[in-house]
Amino acid sequence: MPNLLFYLKVFYLLVLKKIVPASEINSDYNHLAPTYDNYFTSLVAPHSEELVKRLEIMDGSSVLDLACGTGTLTCEIEKYSGASVNITAVDASYNMIKVAKGKVCTNVNFLCADMLKTLPMIPDNTFDFVTCGWAIGYSYPPRLLKSIKRILKNQAKVGIIENRQDTLMPLRETGIKVMKRYGRDIRYLMDLPLRLPKNKAHLEKLFIRAGLKVVDIWDGEVMFNFKDG
């Protein structure tokens, strides 16, 4: 019976196109912000450091950090760049930005806004570097990358960190087990995994279609272990 209820509920939500709205996602991140670094950022920080090192951000550059969260990439940019680097950090969660502000030292301009809504307001040829960590799946990647391409200066660089679709399978399987048990409480479906790149080749195609040249692309890995649910 729980399985039948679950699949009926999923079908019902699909018909109504009840996908998790941005407001719910922002609410979740606002709630998670105070402890987010404890179980996520601390584990993925080495990948942020690796990306920033490869970008070779020069002193005096203008940098846009999209979906900055608690400032993981923002702090690495600050750490490995010159003192005169101009950083703009954007995130839709005000509590995540609040945590990020407490970690940076230089004059970073923080903007609490949706990145897809923010990019059209930025003039052409504005930034030397654009970064985005673990967030393109919350947007429409082809549109996002095309918008980023427009605001880049000549010879500018883009750095993206993202999960592959298959890396979230264990989490999805666990989530489905929980949802089957509490089928009556399901209000929305999450389409995030469908927007993630399938693999390196898929991410490379997204870059090329947006008019960007791929300089370097690589895989990384993080193992997460949790004491309880």
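Look up a bit, the structure's there.
Residues numbered from 1 in each chain as written. Predicted model: local features only at pLDDT ≥ 70, side-chain atom pairs only at ≥ 80, totals over all residues. Heavy atoms only, no water.

Student: Explain the overall build of the chain here, please?
Tutor: Of the regular secondary structure elements, the chain holds nine helices and five strands. Reading the helices (α) and strands (β) of the chain from amino to carboxyl end gives α-α-β-α-β-α-β-α-β-α-β-α-α-α. Computed over its C-alpha atoms, the radius of gyration of the chain comes to 19 Å, within 12% of the 17 Å expected for a compact globule of 229 residues. Counting only C-alpha atoms, the chain reaches 60 × 35 × 30 Å along its principal axes. Taken over 229 residues, the chain has a buried fraction of 40%. In the chain, once contacts between residues fewer than 6 apart in sequence are set aside, the share between residues at least 24 apart is 77%. As presented, the chain carries roughly 13700 Å² of accessible surface, and 55% of it is formed by carbon and sulfur atoms. For the chain, the centre of its 30 positive side-chain charges and the centre of its 24 negative side-chain charges are spaced 7 Å apart. (Helix = DSSP H or I, 4+ residues; strand = E, 2+ residues; numbered from the N terminus. Rg over C-alpha atoms; globule rule 2.2 N^0.38 Å. Buried < 20%, exposed > 50% of the residue type's maximum accessible area, 1.4 Å probe, protein only. Contact = heavy atoms within 4.5 Å. Areas by Shrake-Rupley, 256 points an atom, 1.4 Å probe, with all protein chains shown as cover. Lys, Arg positive; Asp, Glu negative; His and termini not counted. Charge placed at Lys NZ, Arg CZ, Asp CG, Glu CD.)

Student: I would appreciate a short explanation of the packing of aromatic side chains in the present structure.
Tutor: Each aromatic ring pair is specified by the distance between its two centres and by the angle formed by the two planes. Tallied over the entire structure, the rule returns six aromatic pairs. A ring pair is formed by Tyr29 and Tyr36, whose centres lie 5.9 Å apart and whose planes are at 70 degrees; its orientation type is edge-to-face. With centroids separated by 6.1 Å and ring planes inclined at 75 degrees, the aromatic side chains of Tyr36 and Tyr39 adopt a geometry described as edge-to-face. Placement of both Tyr36 and Tyr39 in helix α2 (residues 22–55) is noted, with a separation of three residues, approximately one turn of the helix. What makes Tyr39 partly exposed here is its relative accessible area of 31%. Ring pairing ties together the aromatic residues Tyr29, Tyr36, Tyr39, Phe40, Trp134 and Tyr138, which thus form one cluster. Above the ring of Trp218, the side-chain terminus of Arg54 is found at 3.7 Å from the ring centroid. (Phe/Tyr/Trp six-rings, centres within 6.5 Å; stacked < 30°, edge-to-face > 60°. Lys NZ or Arg CZ within 6 Å of the ring centre and 35° of its normal.)

Student: Please explain the pairing of strand β2 (residues 86–91) as it appears in this structure.
Tutor: One face of the sheet, then the other: side chains in a regular strand alternate in exactly this way. A large share of β2 lies buried, amounting to five of its six residues. Note that strand β1 (residues 62–66) and β2 share five bridges and pair parallel. Directly across from Leu64, in β2, lies its bridge partner Thr88. In this region the chain leaves β1, passes through helix α3 (residues 72–80) and returns to the parallel neighbour β2; the handedness of that crossover is right-handed. Examined bridge by bridge, β2 and strand β3 (residues 109–112) share four bridges and lie parallel to one another. Along β3, the bridge assignment pairs Val90 with Leu111. (Pairing = 2+ DSSP bridges. Right-handed = clockwise from strand over helix to strand, strands pointing away.)

Student: Sorry if this is basic, but what is going on with the side chain of Asp91 here?
Tutor: Looking at where Asp91 falls in the secondary structure, it is placed in strand β2. Lacking a salt bridge, the buried Asp91 has Lys103 as its closest oppositely charged neighbour, with an N-O distance of 11 Å. At a separation of 3.4 Å, a polar atom in the side chain of Asp91 contacts the main-chain amide nitrogen of Cys68. Here the side chain of Asp91 touches Gly69 through a polar contact of 2.8 Å, landing on its backbone nitrogen. Asp91 has contacts with Ala67, Cys68, Gly69, Met96, Ile97, Leu111, Cys112 and Ala113, leaving out every residue within four places of it along the chain. (Salt bridge = Lys/Arg side-chain N within 4 Å of Asp/Glu carboxyl O. Polar contact = N/O pair within 3.5 Å; in protein donor to acceptor, adjacent residues only side chain to side chain.)

Student: Just checking my understanding: could you explain a nonpolar patch on the surface for this structure?
Tutor: A cluster of nonpolar side chains, contributed by Leu32, Tyr39, Leu43, Phe224 and Phe226, occupies part of the molecular surface with about 430 Å² of accessible area. In this structure, Leu32 sits in helix α2. (Patch = residues over 30% accessible without salt bridge, like charges linked within 9 Å, V, L, I, M, F, W, Y side chains within 5 Å.)

Everything listed here is a matter of coordinates, which is why it stays silent on function.
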